[in-house]
Amino acid sequence: MGSGESKPEPPPLLSKPWREIDWRDKQRALQSVRNYQPPAEDLQIRILLHGSNGSGKSSFINSVQSVLRDRMYTHASADNMFQGTFTKKYITYKIQKGGPGTFYPFVFNDIMGLHSMGGVLADDVKLAMKGHVKEGYTFNPHQKLSDDNLFYKRAPTANDKVQVLVCVVSAETISQLPDDTLKMIRDIRKEASDLGIPQVAVLTKIDKACPEIKEDVKNVYKVDYLKEKMEEFSAAVGIPMNCIFPVKNYSEEIDLNSDVDSLILSALKHIINCGEDCISFKAYHSELLG
Ligand SMILES: Nc1nc2c(ncn2[C@@H]2O[C@H](COP(=O)(O)OP(=O)(O)O)[C@@H](O)[C@H]2O)c(=O)[nH]1
Ligand SMILES: [Mg+2]
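S.K.: How should the packing of aromatic side chains be read in this particular structure?
M.R.: Two aromatic rings, taken as a pair, are described by how far apart their centres are and by the angle between their planes. Tallied over the entire structure, the rule returns six aromatic pairs. Ring geometry for Phe 106 against Phe 108: centres 6.3 Å apart, planes inclined by 85°, an arrangement best described as edge-to-face. Take Phe 106 and Phe 108: they sit in the same class, and that class is buried. A ring pair is formed by Tyr 137 and Phe 139, whose centres lie 5.2 Å apart and whose planes are at 80°; its orientation type is edge-to-face. Taken together, the aromatic side chains of Tyr 90, Tyr 137, Phe 139 and Phe 151 make up a single cluster linked through ring pairs. Note that Arg 19 overlies the ring of Phe 245, its terminal NZ or CZ placed 5.3 Å from the centroid.

Listed below in structure tokens is the structure:
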């Protein structure tokens, strides 16, 4: 004892979870997402994911797709090679609903928003939020998209604009994010707030960061040190705790797991509600403006 050599005991789990989630009622959550209809026909919620390379953006899109379609999907290619290969093109991911040609009324885009690592400039993230970036544009880490570029959309429609901004962070690195990364997240967040776009954070790789969660995903809200990490992150970037969602993305498994699904659905439901709020906010304001 006291030698400092002994392995520290894993912190005990909280006896009561600090956030409640109904693990037995996945079907209800799934049904509510499946039934979701935007307030106007043809309107869609555009969800923009940003975060560093390897944080799990593509995996989150694939996981959502897998849960909704009830089988494993790898549509948005998830890279396990971090160096060199990453998402630089602006691509919209749609999720098929029912038969071919019918899609869920929400779509995803992902961009690697980390300038210091050769990622997308904060200015480009802002242009994407406003709907000025055309499909297929390859981001240039050295230069923002200029308004004379062919890929600059001059008159974005409501469906080109982003309704929810999602910051994707890995639980493995959340407590060591460099200051310039935190600053960039705050900066993009502020712009989103000015545009009336709600913001959510998705905390991935909780299975890798916490052995208790790897053992059983249902422990997610009983691991006190994960809550502490989330609180620190919340304070550093200004995203409230109730807008931060820990998830375990599908990565190695070949079969779906109901608990993993429940956690993903809980994040997705919140994201959709935020999108709905954004649409109402914009509708209200344009009414006010005539
Ligand atoms: N164990 C585990 N691995 C994950 C999770 N999310 C992503 N990964 C893995 O992390 C790597 C990078 O993920 P990816 O989605 O490509 O990150 P992106 O660069 O943000 O799109 C891939 O090998 C994924 O399989 C997670 O929640 N748990
Ligand atoms: Mg990716």
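S.K.: What am I meant to see in the pattern of salt bridges here?
M.R.: Should the charged atoms of two oppositely charged side chains come close, the side chains can pair. The final tally for this structure, using the stated rule, is twelve salt bridges. The partner of Asp 187 in a salt bridge is Lys 126, with the nearest N and O atoms 3.6 Å apart. Within this pair, whereas Asp 187 is found in helix 4 (residues 179-194), its partner Lys 126 is found in helix 3 (residues 122-130), the two being separated by 61 residues in sequence. Note on Asp 187: relative accessible area 30%, which makes it partly exposed.

S.K.: Is there a simple way to think about the pairing of strand 5 (residues 199-204) in this case?
M.R.: The side chains of a regular strand alternate, first on one face of the sheet and then on the other. For strand 5, the buried fraction is high: six of the six residues fall into the buried class. Taken together, the six bridges between strand 4 (residues 164-170) and strand 5 define a ladder with parallel strand orientation. Looking at strand 5, one finds that Cys 167 is bridged to Ala 201. Taken together, strand 4, helix 4 and strand 5 form a β-α-β motif whose crossover is right-handed. Pairing of strand 5 with strand 6 (residues 244-246), which is carried by three bridges, proceeds in the parallel orientation. Residue pairing in the sheet places Val 202 in a bridge with Phe 245 of strand 6.

S.K.: Explain the sheet that holds strand 2 (residues 92-93) to me, please; I cannot follow it from the model alone.
M.R.: Sheets are built from strands that pair by backbone hydrogen bonding, the pairs being arranged parallel or antiparallel. The six strands lie next to each other as 2-3-1-4-5-6, forming an open sheet whose pairing is mixed. Each end of this open sheet is capped by a strand with a single partner; those strands are strand 2 and strand 6. Here strand 1 (residues 45-50) pairs with strand 4 via four bridges, running parallel. Among the inter-strand pairings, Leu 48 is bridged to a residue of strand 4, identified as Leu 165.

Calculation notes
Residues numbered from 1 in each chain as written. Chains lettered and ligands numbered in written order. Predicted model: local features only at pLDDT ≥ 70, side-chain atom pairs only at ≥ 80, totals over all residues. Heavy atoms only, no water. Phe/Tyr/Trp six-rings, centres within 6.5 Å; stacked < 30°, edge-to-face > 60°. Buried < 20%, exposed > 50% of the residue type's maximum accessible area, 1.4 Å probe, protein only. Lys NZ or Arg CZ within 6 Å of the ring centre and 35° of its normal. Salt bridge = Lys/Arg side-chain N within 4 Å of Asp/Glu carboxyl O. Helix = DSSP H or I, 4+ residues; strand = E, 2+ residues; numbered from the N terminus. Pairing = 2+ DSSP bridges. Right-handed = clockwise from strand over helix to strand, strands pointing away.

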